[in-house]
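Notes for the structure review
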Amino acid sequence: MMRSLFLLGLFLAFSCGTRGALYTAPIQPLGLVATSSALVLVVPENRRAVIIHPDEPAPRTASLSEGARIAVSVPGSELVAVLAGSSKSPVVDLVDASSGSVITLPSPGAFDTIHFSPNGRIGVLTYLAGKTKPELAARNLNEVGVLDAETFALTRLQLDTESLSPRAVVFGPSEDSRQLIAVTFERGVAIFDAFRPGLPARRVPIRAPGGAEDSSVLEALFSENGRWLFIRASRLDEVIAVELTSVEGAIPAASVNFIGSGRGLTDIELPPPGSPEGIIAVYTGSQEAVFLDATGIAENLAQVSLPPKVSSARPFSGSQLLLFAPGAPEVVAWNVADGRTGSAKLEGALSQPALFSGMGRALFSHSTTTPSAGGGPALSVFSVDDSAPNRLRAYVQSIQLRAPAAAQASDEASGTLFFAGRDEQTVVTLKVRSLELSEATLDADVAELFFLPARGILAAVHSTSAFGDLTLIDPDRFDRAEAKRLRDFGLSGELDRPNPELVP
Amino acid sequence: MNRFLLCVTLFSSSLAHAELPNVSLSVGAQTQVVTGRDFDLVGNDDHFMRLRLGAAYALHPPVGRLDLEAAYVDGLKSSTLHQAMKAQLGLRGFEVGALYRYPLHRHLEPYARLGTGYDWGVLVVGEGRLEETVANPFGSALFGAQLPMQLADRGTKDPSVVFDLGVGYTLRPEYAFHRLTPKTASPLPPDSVPNQAVDFGSLGLSGITYRLQLALRI
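Source: prediction; values computed, not measured.

1. Digging into a nonpolar patch on the surface
Residues and elements named next belong to chain B. Taken together, Val-23, Leu-25, Tyr-57, Leu-59, Leu-68, Leu-151, Leu-216 and Ile-218 make up a surface patch of nonpolar side chains, about 690 Å² in accessible area. The set of elements that each furnish at least two residues to the nonpolar patch consists of strand S1 (23–33) and strand S2 (47–59). Tracing the backbone through its elements, the reader meets Leu-216 in strand S10 (residues 207–217). For Leu-216, a relative accessible area of 37% translates into the label partly exposed.

2. What to know about the sheet that holds strand S11 (residues 143–148) of chain A
Residues and elements named next belong to chain A. Reading across from one edge, S9-S10-S11-S12 is the order of the four strands in this open sheet, with antiparallel pairing throughout. The open sheet has two free edges, formed respectively by strand S9 (113–116) and strand S12 (153–158), since each of these has just one partner strand. Neighbouring strand axes in the sheet, compared pairwise and without regard to direction, differ in orientation by 25 degrees on average.

3. Describing the confidence of the model for chain B
All names here are of chain B. Per-residue confidence for chain B gives a mean pLDDT of 87, with 87% of residues at or over 70. Here residues 7–21 is modelled with pLDDT under 50, and outside its nearest four sequence neighbours on either side it reaches 13 contacts, counting other chains as well. The ipTM value of the predicted complex is 0.81, and its pTM value is 0.87.

4. Some thoughts on the sheet that holds strand S3 (residues 65–81) of chain B
Residues and elements named next belong to chain B. Taken together, eight strands build a closed barrel; the order of strands is S1-S2-S3-S4-S5-S6-S7-S10 and the barrel is antiparallel. Along the sheet, successive strands turn relative to each other by an average axial angle of 25 degrees, direction set aside. Sheet topology places S1 next to S2; eleven bridges connect them, and they run antiparallel. Looking across to S2, one finds that Gly-28 is bridged to Arg-52.

5. Digging into the interface of chain A and chain B
Facing the 43 residues of chain A at the interface are 41 residues of chain B. Buried surface at the junction of chain A and chain B, summed over both partners, amounts to about 3,500 Å²; 58% is from carbon and sulfur atoms. The three residues of chain A that bury the most area against chain B are A:Arg19, A:Tyr23 and A:Leu495, which together make up 21% of that side's buried surface. Here chain A is connected to chain B by one salt bridge. A:Asp488 is paired through a salt bridge with B:Arg129; the nearest N and O atoms lie 2.6 Å apart. Scanning the region where chain A abuts chain B turns up 17 residue pairs in polar contact (both at pLDDT 80 or more). Elements that contribute at least two residues to the side of chain A that touches chain B include exactly helix H1 (2–14) and strand S40 (484–487) of chain A.

6. Considering the side chain of A:His366
Residue and element names in this part refer to chain A. Tracing the backbone through its elements, the reader meets His-366 in strand S30 (residues 361–366). At 3.3 Å, the side chain of His-366 forms a polar contact with the backbone oxygen of Gly-348. Reaching out from His-366, the side chain makes a polar contact with the side chain of Ser-380 at a distance of 2.7 Å. Aside from chain neighbours lying at most four places away, what touches His-366 is Leu-346, Gly-348, Ala-349, Leu-350, Pro-377, Ala-378 and Ser-380.

7. With respect to the pairing of strand S15 (residues 188–193) of chain A
Residues and elements named next belong to chain A. Among the six residues in S15, six count as buried, and that is most of the element. What you see with S15 is no split at all: Gly-188, Ala-190 and Phe-192 on one side and Val-189, Ile-191 and Asp-193 on the other are buried throughout. With antiparallel pairing between neighbouring strands as the criterion, strand S14 (residues 180–185) and S15 make up a hairpin whose turn holds two residues. In terms of strand pairing, S15 meets strand S16 (residues 202–205) through four bridges, oriented antiparallel. Along S16, the bridge assignment pairs Ala-190 with Arg-203.

8. Details of empty space enclosed by the protein
Residues and elements named next belong to chain B. Inspection of every chain in the model, using the stated rule, returns three cavities of 30 Å³ or more. Computed from the structure, the largest cavity encloses a volume of approximately 110 Å³. If you list the elements that add at least two residues to the lining of the largest cavity, you get S1, S2, S3, strand S7 (160–171) and S10.

9. Remarks on the environment of B:Met85
Along the chain, B:Met85 turns up in strand S4 (residues 85–101). In the structure, B:Met85 is positioned 42 residues away from B:Glu127 in sequence and 7.9 Å away in space, judged by C-alpha atoms.

10. Quick notes on unusual backbone geometry
The backbone phi angle of A:Leu435 is positive, close to 60 degrees, even though this residue is not glycine. Inspection of the secondary structure assignment puts A:Leu435 in the loop between strand S35 (426–431) and strand S36 (436–441). The backbone of B:His82 shows a phi angle near 55 degrees, a positive value even though the residue is not glycine. Of note, B:His82 is situated in the loop between S3 and S4.

11. Considerations on the pattern of salt bridges
A full pass over the atoms with the stated rule returns 33 salt bridges over all chains. Residues A:Arg121 and A:Glu150 are paired through a salt bridge, measuring 3.6 Å at the closest nitrogen-oxygen approach. Here the residue A:Arg121 occupies a position in the loop between S9 and strand S10 (122–126), and A:Glu150 occupies one in the loop between S11 and S12, the gap between them amounting to 29 residues. For B:Glu69, the salt bridge identified is with B:Arg113, shortest N-O distance 2.5 Å. Here the residue B:Glu69 occupies a position in strand S3, and B:Arg113 occupies one in strand S5 (residues 109–125), the gap between them amounting to 44 residues. Within the structure, one salt-bridge network assembled from shared partners comprises B:Arg52, B:Glu69, B:Glu95, B:Arg113, B:Asp164 and B:Arg211.

Criteria and thresholds
Residues numbered from 1 in each chain as written. Chains lettered and ligands numbered in written order. Predicted model: local features only at pLDDT ≥ 70, side-chain atom pairs only at ≥ 80, totals over all residues. Heavy atoms only, no water. Patch = residues over 30% accessible without salt bridge, like charges linked within 9 Å, V, L, I, M, F, W, Y side chains within 5 Å. Areas by Shrake-Rupley, 256 points an atom, 1.4 Å probe, with all protein chains shown as cover. Salt bridge = Lys/Arg side-chain N within 4 Å of Asp/Glu carboxyl O. Helix = DSSP H or I, 4+ residues; strand = E, 2+ residues; numbered from the N terminus. Buried < 20%, exposed > 50% of the residue type's maximum accessible area, 1.4 Å probe, protein only. Pairing = 2+ DSSP bridges. Axes fitted to C-alpha atoms, helices over the stretch in contact; angles between N-to-C directions. pLDDT = per-residue confidence, 0-100. Contact = heavy atoms within 4.5 Å. Buried area = accessible area lost by both parts, 1.4 Å probe. Polar contact = N/O pair within 3.5 Å; in protein donor to acceptor, adjacent residues only side chain to side chain. 1 Å grid on protein atoms, 1.4 Å probe; cavity = no way out; pocket = protein on both sides within 12 Å on 5 of 7 lines; lining within 4 Å. Points joined across faces, edges and corners; volume = space filled by probe spheres on them.

Given below as structure tokens:
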């Protein structure tokens, strides 16, 4: 009897068990990603995606592959692409935020980031030179992955440039039979067709004419019809116009022209839709914006003088371009079709504007304004009246703020801007057309804003918890009683996680 | 009718031959071994030890003894969650059971026990950041031995101290913590933004059970 009791005691003592690794490591979720109807939080340590639907009683969870490192929403869909897996067995998890299902695709490489075309059909996976992986002895940064989000095919493509690593991915216009993509490197560009990834890419090295030094690609844009690729490079005041000529069964042939004669090229932008083939170039040295003919045959199709420091161009409304300089107060509107211009000097240094092209409004946020404007933070609403035959009349209306706008989101369809000041708990809605304001004060400082257009719900993210904290509110009603706060939602499904010792 | 008469006859017989009934009061530890990995949320090991306060009333059938038990059991298990906050599970409840013991020897009474009860499981994360209480019934079966030590040696009716060691299994349905919400010490302002629940999932708490207790039988 005593021996039996002793053995029983041993059994119980050795069945103590130890704590596994499910709950011991700190968790650092990736940033929230928004689709049109949901928010997705990827928690790599727990191999889980937490999906928040505003009209569901609680967040849902979906199991992911291990090692998630970046999550990107796929435009025009409810999919979120997650790069995951180990360096030796990389994968791409496609999370459907509407159903919670996950499709896992083996990846040809442990890529660092993914870029999607505007229609969400094609994703290009690339490496980032700065993100080394100690478990890999070598990486070929000239290889990319091409993901077809309709067929779920993921293909490796070797670009074979003479440069070390990619810098940016530029998508051509969406066409039925092809999708041209340009990957920019420091010394050139590689162009391929995403619908035919088996064809070798077309390499276009960049070098200044007559110069021994290499130029780095700073910016690239496809023309509206995909016939041209325009490149802005360092040490060059000319715009590089690469003409792409269709070749049967191969990537388009490329011939390179250098166009433009201004000084201090700082920005290039596509001309308004329907314009002849060309490119807008902004020069701070010669203080001008020029509409260049892509063929180089015509000198300049249109031209406008600019105030000092104006360095950036953005499509604005119709045939109008908006020209401005971050950090300087001048804003110019230029009708490229007929040459009319209008300008205004705002009451403070500019940030990147929030554009509402359909309403012809641009909103600039200022941390400080001139003493005559009160000196404090403000929001400037820039608009243009083009009724006059020989000029554009620029208007600026100012919205005084209690704190500089830090978090921002917008709904272009309804022409609404949502913002919250730095360290503020109040969210403000601004109707851009009427400048009507409304606000709601939440229970914690707002760090980030997301608008879910399919649900008409605004999500205000608070930074109080590493496990997630946000408030969902209907911006049309701004009723606190109908809002919902989700705290620590990153811990959803904590008890239902797979045992890492059993899951491969 | 015949069965009824038989039961009455046996019960009357036991009363006629029984000694005065024993009452025992017990205090001890009841430990459950939970090996599911989800229990690691609140435990650094697989043992969930709880305090047990019980009382029993002994019946004297013709052979052996039949103790009708009732007890209150309460315990707490906690650990650190993701190195950031505490996660704590409190499990308290009541149980009743019937324990049949056979006096094999003066100081040895092996037994078999069946019990049932009701527990309230309170999961608290982050000291009130998220909390939920879930209640469930349970059932248990134990085998063990009691070692009575009489305090005096004047007869079988003398009080005795009883050491009790039993091992068995407790079966519980999964505790579904699907609606954890923040709980604060003071009431929230009336116009606070309502909190939405967080679904943690389900926690399994069935497992091998053993108890070690000391009873005073009078």
